[in-house]
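The chain contents come next:
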Amino acid sequence: SLKLTDHVLTASGTVAAFQYVVIYNDTPTSPADPLICWFDYGSSLILLNGDTFTIDFNASGLFTLV
């Protein structure tokens, strides 16, 4: 399984509306930045200056390959 640590982002200024968060691998050059997964929050979110956004990963892992 792929286990990730929760990540907290703090807005520095207003962050425009977004609905999706993507997880990608920034290491390889070919293919560049391959997509691992994405999350759909179901509606647009806007962060104002100082607001926080937490990407809360399940303790058992992001996914498991069998």
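Values in this document were obtained by computation on a predicted structure and should not be read as measured data. (Residues numbered from 1 in each chain as written. Predicted model: local features only at pLDDT ≥ 70, side-chain atom pairs only at ≥ 80, totals over all residues. Heavy atoms only, no water.)

Participant: Explain the overall build of the protein to me, please; I cannot follow it from the model alone.
Facilitator: Scanning the protein from terminus to terminus reveals zero helices and four strands. Secondary structure elements of the protein occur, N-terminal to C-terminal, as β-β-β-β. Over its C-alpha atoms the protein spans a radius of gyration of 14 Å, topping by over 25% the 11 Å that the globule rule assigns to 66 residues. Expressed along its principal axes, the backbone C-alpha trace of the protein runs to roughly 40 × 30 × 20 Å. Out of the 66 residues in the protein, the part that is buried amounts to 15%. The contacts in the protein between residues at least 6 apart in sequence include a share of 66% that link residues at least 24 apart. With the model as given, the accessible surface of the protein reaches about 5,000 Å², and the carbon-plus-sulfur share is 55%. (Helix = DSSP H or I, 4+ residues; strand = E, 2+ residues; numbered from the N terminus. Rg over C-alpha atoms; globule rule 2.2 N^0.38 Å. Buried < 20%, exposed > 50% of the residue type's maximum accessible area, 1.4 Å probe, protein only. Contact = heavy atoms within 4.5 Å. Areas by Shrake-Rupley, 256 points an atom, 1.4 Å probe, with all protein chains shown as cover.)

Participant: I tried to follow the nonpolar core on my own but got confused; where do I start?
Facilitator: Side chains of nonpolar character tend, in soluble globular proteins, to be buried together. Within the largest apolar cluster, nine residues are counted, these being Ala-11, Phe-18, Val-21, Ile-23, Cys-37, Leu-47, Phe-53, Ile-55 and Phe-57. Every element with two or more residues in this core is listed here: strand 2 (15-24), strand 3 (35-47) and strand 4 (52-55). No other element matches strand 2, which puts three residues into this core. In this view, Val-21 contacts Cys-37, Trp-38, Phe-39, Tyr-41, Phe-53 and Ile-55; residues no more than four positions away in its chain are not counted. (Core = buried A, V, L, I, M, F, W, Y, C linked by side-chain atoms within 4.5 Å.)

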